[in-house]
Amino acid sequence: MKNPIVMLVVGLVVGVIIGALVLGGSSEESAPVASTTSAPAPAAAPAGPQRGDNLNAVKDRGYLECGVSQGLPGFSNQDDSGEWTGIDVSLCRAVAAAIFDDPDAVEFKALSAKTRFTALQSGEIDMLARNTTWTMSRDVNLGGLEFVGVNYYDGQGFMVRKDLGVTNALELNDVSICTNTGTTTELNVEDFMQTNGLGYQLVALEKADEVIAAYDAGRCDVFTTDRSGIAAQRTKLDNPDDHVVLSEIISKEPLGPVVREGDPQFADLVRWTLFAMVNAEELGVDSFNVDEMAKSNNPAIKRLLGIEDDFGSQLGVSKTWAAQIIRHVGNYGEVYEETVGPDTPLALARGSNAMWTDGGLIYAPPIR
């Protein structure tokens, strides 16, 4: 008679051997085996700009490089002495003031609508402030670029000669239209004319001065761009009073600054420079009373001016960054009135660009 204990041991050994052979077989036929070794680490993502890289580069250089238009009065334009002025220029100067406490620590680069984005992508400029419309396709598809705010709410319109006899945009049939190539303006006018079944011929040129010169010379019947741009370019016509701006607005044009993606600190600096100017207007702090307002008991004003808390360190700049902006450049309302407001050649009422407290769209998150 066989010993049952011996039989049991033999059975166990045979079972272990068979199991080992099965587990060592094809991975497609066997159950997965737990490994005692750790999985290989995933490949590292390509290195990109790090937080603070852009700001550090600007500080090391000693000045900000800002892309602007080739000449749009009220927004970015050189006066007879070569000095750059305009609402976009003021935003560039405000960023320089936040960084260096010097609004003149900035170099302006005049860019066409066609080249403005590639100049930013390539690193030729640090930021773009060039009456540029924020759209979904630009925000999503323009590689490596980020819109950080709106410093002017606009809409597209039309200007015609009075002797054309047109009083409504829907009467613009079988006309030639001058505009800038590579812009939302070009796309918007095509949408409007096609939607309303109107015949037209587009005369699209790269430089803004070329467009208005072509219109003034009679190469086209209609000039179209943002309403603010029409007001600016109308001042360049030989006989401005011979032309009329039609009342229709055919688009939304939120214009604002753009930076490269990948460095959130620099994006935040440009964004909160604009917000600081808006908050300053809301709080009644301007370039004339900024030092006196530093004595205010209002906690919001104290935070804005760096009397309480240090928000500047979060942006990589001085504790008094916002006070520097306001002292050198002014609050949003001051800049608006000096560059495009009713007492300037453009004579633009605040309208949509009034503070939210006055029924406009200008609104900024609080500094706290």
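Asks: Kindly report on the nonpolar core, identifying the contributing residues and their values.
Replies: Judged by nonpolar contacts, the single largest core of 63 residues is most densely connected at Met-127, Phe-266, Val-285, Leu-304, Leu-305 and Trp-321. If you tally residues by element for this core, the top one is helix H9 (residues 264-283), at 10 residues. Apart from the residues within four sequence positions on either side, Phe-266 is in contact with Asn-54, Leu-55, Val-58, Leu-64, Asp-126, Met-127 and Val-259.

Asks: Outline unusual backbone geometry, supporting the account with residue identities and numerical values.
Replies: One non-glycine residue with positive phi stands out, namely Asn-131, at about 30°. Topologically, Asn-131 is positioned in the loop between strand E5 (127-128) and helix H5 (136-141). Using a relative accessible area of 17% as the deciding quantity, one classes Asn-131 as buried. A positive phi angle, close to 55°, is found at Asp-174, a residue other than glycine. Tracing the chain through its elements places Asp-174 in the loop between strand E8 (156-161) and strand E9 (175-180).

Asks: Explain the packing of aromatic side chains residue by residue, including any values.
Replies: All told, the structure shown has 9 aromatic pairs when counted by the stated rule. Positioned above the aromatic ring of Tyr-336 is the side chain of Arg-350, whose terminal nitrogen or guanidinium carbon lies 5.1 Å from the ring centre.

Asks: Go over the pattern of salt bridges, please, and point to the residues and values.
Replies: Applying the stated criterion across every chain yields a total of 12 salt bridges. Arg-61 is the salt-bridge partner of Glu-65, the closest N and O atoms lying 3.9 Å from each other. Via salt bridges that share partners, Arg-61, Glu-65, Lys-109 and Asp-126 belong to a single interconnected network.

Asks: I'd like to hear about the pairing of strand E10 (residues 200-205), residue by residue, with values.
Replies: Relative to E10, E9 is paired through 6 bridges, and the arrangement is parallel. If you follow Asn-180 over to E10, its bridge partner there is Leu-205. The handedness of the E9 to E10 crossover, carried by helix H6 (residues 184-195), is right-handed.

Asks: Go over the sheet that holds E10 with me, naming the residues and quoting the values.
Replies: Taken together, the 5 strands give an open sheet; going across it, the order is E10-E9-E11-E8-E12, and neighbouring strands pair in mixed fashion. In this open sheet, the two edge strands, each paired with only one partner strand, are E10 and strand E12 (243-245). This sheet shows a mean twist of 25° between the axes of neighbouring strands, independent of strand direction. Relative to E12, E8 is paired through 3 bridges, and the arrangement is antiparallel. Across the sheet, the residue bridging to Val-160 is Val-244, located in E12. Docked against the sheet, H6 engages E8, E9, E10 and strand E11 (222-226), running at close to 180° with respect to E10.

Asks: Lay out the confidence of the model for the protein chain with the relevant residues and their values.
Replies: Here the protein chain averages 88 in pLDDT, while 86% of its residues score no lower than 70. The low-confidence segment residues 1-48, where pLDDT is below 50, has 5 contacts with residues more than four positions distant or belonging to other chains.

Asks: How would you sum up helix H2 (residues 53-61)? Please name residues and give values.
Replies: All buried positions along H2 are accounted for by Asn-54, Leu-55 and Val-58. What you see down the axis of H2 is that its buried residues fit within an arc of 100°, all on one side. On its buried face, H2 sits against strand E1 (64-68), helix H3 (87-100), strand E14 (258-260), H9 and helix H12 (312-315). Of the residues trailing H2, Gly-62 is marked for its positive phi of about 95°.

Asks: Please set out the side chain of Thr-344 residue by residue, giving values where relevant.
Replies: Looking at the element boundaries, Thr-344 is found in the segment after helix H14 (332-339). In this structure Thr-344 comes out as buried when scored by relative accessible area, which is 12%. With residues near it in sequence (within four places) discarded, Thr-344 still touches Glu-337, Glu-338 and Thr-339.

Asks: Could you give an account of empty space enclosed by the protein, naming the residues involved and the relevant values?
Replies: Scanning the entire structure with this criterion turns up 2 cavities of 30 Å³ or more. Estimated volume of the largest cavity: approximately 280 Å³. The element best represented in the lining of the largest cavity is E11, accounting for 3 residues. Taken together, the residues of the lining of the largest cavity sort by class into 4 nonpolar, 13 polar and 4 charged. The calculated volume of the second largest cavity comes to roughly 40 Å³. The wall of the second largest cavity is formed by Ile-87, Leu-91, Asn-151, Leu-274, Met-277, Tyr-332 and Val-335. Put simply, the parts of the chain that give the lining of the second largest cavity at least two residues each are H3, H9 and H14.

What counts and how
- Residues numbered from 1 in each chain as written.
- Predicted model: local features only at pLDDT ≥ 70, side-chain atom pairs only at ≥ 80, totals over all residues.
- Heavy atoms only, no water.
- Core = buried A, V, L, I, M, F, W, Y, C linked by side-chain atoms within 4.5 Å.
- Buried < 20%, exposed > 50% of the residue type's maximum accessible area, 1.4 Å probe, protein only.
- Helix = DSSP H or I, 4+ residues; strand = E, 2+ residues; numbered from the N terminus.
- Contact = heavy atoms within 4.5 Å.
- Phe/Tyr/Trp six-rings, centres within 6.5 Å; stacked < 30°, edge-to-face > 60°.
- Lys NZ or Arg CZ within 6 Å of the ring centre and 35° of its normal.
- Salt bridge = Lys/Arg side-chain N within 4 Å of Asp/Glu carboxyl O.
- Pairing = 2+ DSSP bridges.
- Right-handed = clockwise from strand over helix to strand, strands pointing away.
- Axes fitted to C-alpha atoms, helices over the stretch in contact; angles between N-to-C directions.
- pLDDT = per-residue confidence, 0-100.
- Arc of directions from axis to C-beta.
- 1 Å grid on protein atoms, 1.4 Å probe; cavity = no way out; pocket = protein on both sides within 12 Å on 5 of 7 lines; lining within 4 Å.
- Points joined across faces, edges and corners; volume = space filled by probe spheres on them.
- Nonpolar A, V, L, I, M, F, W, Y, C, P; charged D, E, K, R; others polar.

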